[in-house]
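So the chains spell out like this:
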Amino acid sequence: MSDTISTIRIGNQTAFSASRTLEPLEFAVEHGFRAFEWFADKKLDAQGKAAGWDETDITEEKRYLLRQIGESHDIRYSVHAPWEANPLQPEGEALLLRSVDFARDIGADLVNLHLYMEQGAKTYVDALEPMVAYSAEQGVRISIENTPLTGPGDFTRTFELLARRGMDSRQVGMCLDLGHANLYAATRNDFIRYIDELPDQVPIIHLHVHENWGDRDSHLALFTGPARDNDAGIRCFVDRMQRRSYSGAMILEQWPQPPELLVEAEQRLRAMFRPARNGGRPARKAARRLAGKKPAEPDPEPAAGPPLPLGGFAAHIAAAHRRLPSWRQRLNWIRDSVAAAEFTGTASELAQLAVYLRFLGTGELQCEEDGRHFRPHHHAQSASAIVTRLQQLTAPGD
């Protein structure tokens with residue numbers, strides 16, 4: 001088992017729908033989960049009675065007991081601040097302080113809150129900065145969660161500002177919510193694209209995992225929604241997290257009936273995490289090192305071949321796919337093909353290209369490293385060139 005796998009902790013969360021506040025925690029202990037999140041969500045139920053809990057319900061004695069439970073069962077706690085804990089609002093600061101203090105008392109290492117962009121990234125960072133400083137003093141990290149209204153660009157701008165303020169990425173990072181990424185308008189039903197648009201400068205330190213059909217925030221248990229019949233998207237998500245060397249917690253954000261669905265989700269998720277071959281290095285280079293030889297220069301990139309002819313389009317896509325192993329090479333091949341003067345972009349050709357790119361993006365057609373290293377802007381430039389060329393070919397009727 002690799003270090004990455006051993007440090008991944010999967011667990012569940014308190015739930016408004018649970019019969020008792022501690023029922024989900026008892027379930028986590030019983031089934032050996034290694035993470036648990038406390039979500040303060042006290043509100044009125046359908047009958048108008050108060051249900052759920054918040055930090056004011058947990059006495060100092062109870063906090064001590066909860067800390068003992070977490071430590072004795074090796075469960076890493078996190079705390080989800082209330083929805084109303086918006087640092088842009090006057091009452092939000094008090095709610096966040098209360099969550100941080102609760103986290104400190106029970107031994108939780110992280111408090112999670114949402115990103116609010118109504119007044120822009122700078123105003124949000126200005127309001128958050130004192131809270132980050134306070135949480136650091138208490139030994140608690142801060143994670144900022146994406147909502148269905150916040151996209152990769154919002155997080156890029158926010159973390160650029162946080163970095164300029166000198167805030168350590170080990171102290172404040174992103175909570176990637178898979179279901180919310182699937183609902184974001186620009187990446188609806190394509191949460192992998194959402195992840196791919198997050199630059200490495202946005203540190204992912206916490207995960208909320210649940211499913212939906214792209215229609216509403218239904219918080220379906222993993223492998224009971226779209227992944228029930230095809231789990232390629234979840235496998236692709238796991239691959240993306242391993243590439244980022246993710247080593248935090250993964251919180252299953254639901255209390256399903258039966259709750260044993262959480263056990264199945266935890267087991268399937270853990271099975272998907274695998275040791276990286278040769279420590280994540282290309283096998284070719286690792287073999288050379290083991291042999292005591294100096295690594296050779298990277299092999300030249302395979303020739304892309306002639307531009308696409310007007311016929312046999314699918315066959316040429318398949319041939320290029322077999323010849324070119326990496327995502328960058330395949331993207332460049334498409335760039336060069338559509339740029340060819342004889343490429344007219346018929347409806348059939350564009351449809352086949354769209355299907356191929358979709359399969360690449362969802363991981364159903366896996367890509368491999370080719371032993372060369374390029375910054376992400378190389379891929380972005382190729383994609384931009386493809387879009388520009390297709391825009392030139394677009395006719396009013398299309």
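Since the structure is predicted, the reported quantities are computational estimates derived from the model, not experimental observations.

### So, the environment of Ile 234
Relative to the helices and strands, Ile 234 resides in helix α9 (residues 232-243). Apart from the residues within four sequence positions on either side, Ile 234 is in contact with Leu 178, Phe 191, Leu 222, Phe 223, Ala 227, Leu 269 and Met 272.

### Side note on the packing of helix α3 (residues 60-72) against helix α4 (residues 90-106)
Orientation of α3 relative to α4, taken along the N-to-C sense of each, is 55°, at an axis distance of 7 Å. With respect to their mutual orientation, α3 and α4 come out oblique. Contacts from Arg 63, Leu 66 and Arg 67 of α3 reach α4 at Asp 101, Phe 102, Arg 104, Asp 105 and Ile 106. Class assignment for the residues of the contact of α3 with α4 results in three nonpolar, no polar and five charged.

### Description of the packing of aromatic side chains
Following the criterion strictly, the structure yields nine aromatic pairs and no others. Their ring planes at 75° and their centres at 5.2 Å tell us that Phe 36 and Trp 38 sit as a pair that is edge-to-face. You can call Phe 36 buried: its relative accessible area is 0%. Each residue in the set Phe 36, Trp 38, Trp 53, Tyr 77 and Phe 102 is aromatic and connected to the rest through ring pairs, giving one cluster. We note Arg 268 situated over the ring of Phe 223; from NZ or CZ to the ring centre the distance is 4.0 Å.

### Some remarks on the pairing of strand β8 (residues 172-177)
The buried count for β8 comes to six of six residues, which makes it a mostly enclosed element. Bridge analysis of strand β7 (residues 141-145) against β8 gives four bridges, and the strand direction is parallel. Considered in β8, the bridge of Ser 143 is made with Gly 173. Regarding the hand of the β-α-β motif, the stretch spanning β7, helix α6 (residues 152-164) and β8 is right-handed. With four bridges joining them, β8 and strand β9 (residues 204-209) adopt parallel strand pairing. In the sheet register, Met 174 faces β9, and the bridge partner there is Ile 204.

### Some words on the environment of Ile 75
Within the secondary structure layout, Ile 75 lies in the loop between α3 and β5 (76-80). Taking the C-alpha atoms as reference points, Ile 75 and Gly 32, separated by 43 residues in sequence, lie 8.6 Å from one another. When neighbours within four sequence positions are excluded, Ile 75 is seen to be in contact with Arg 9, Val 29, Phe 33, Arg 34, Ala 35, Phe 36 and Gly 70.

### Section: the sheet that holds β7
Read once around its circumference, the closed barrel built from eight strands follows the order β1-β2-β5-β6-β7-β8-β9-β10, with strand pairing classed as parallel. This sheet shows a mean twist of 30° between the axes of neighbouring strands, independent of strand direction.

Conventions adopted
Residues numbered from 1 in each chain as written. Predicted model: local features only at pLDDT ≥ 70, side-chain atom pairs only at ≥ 80, totals over all residues. Heavy atoms only, no water. Helix = DSSP H or I, 4+ residues; strand = E, 2+ residues; numbered from the N terminus. Contact = heavy atoms within 4.5 Å. Axes fitted to C-alpha atoms, helices over the stretch in contact; angles between N-to-C directions. Parallel < 35°, antiparallel > 145°, perpendicular 65-115°, else oblique. Nonpolar A, V, L, I, M, F, W, Y, C, P; charged D, E, K, R; others polar. Phe/Tyr/Trp six-rings, centres within 6.5 Å; stacked < 30°, edge-to-face > 60°. Buried < 20%, exposed > 50% of the residue type's maximum accessible area, 1.4 Å probe, protein only. Lys NZ or Arg CZ within 6 Å of the ring centre and 35° of its normal. Pairing = 2+ DSSP bridges. Right-handed = clockwise from strand over helix to strand, strands pointing away.

By themselves these figures say nothing about function.
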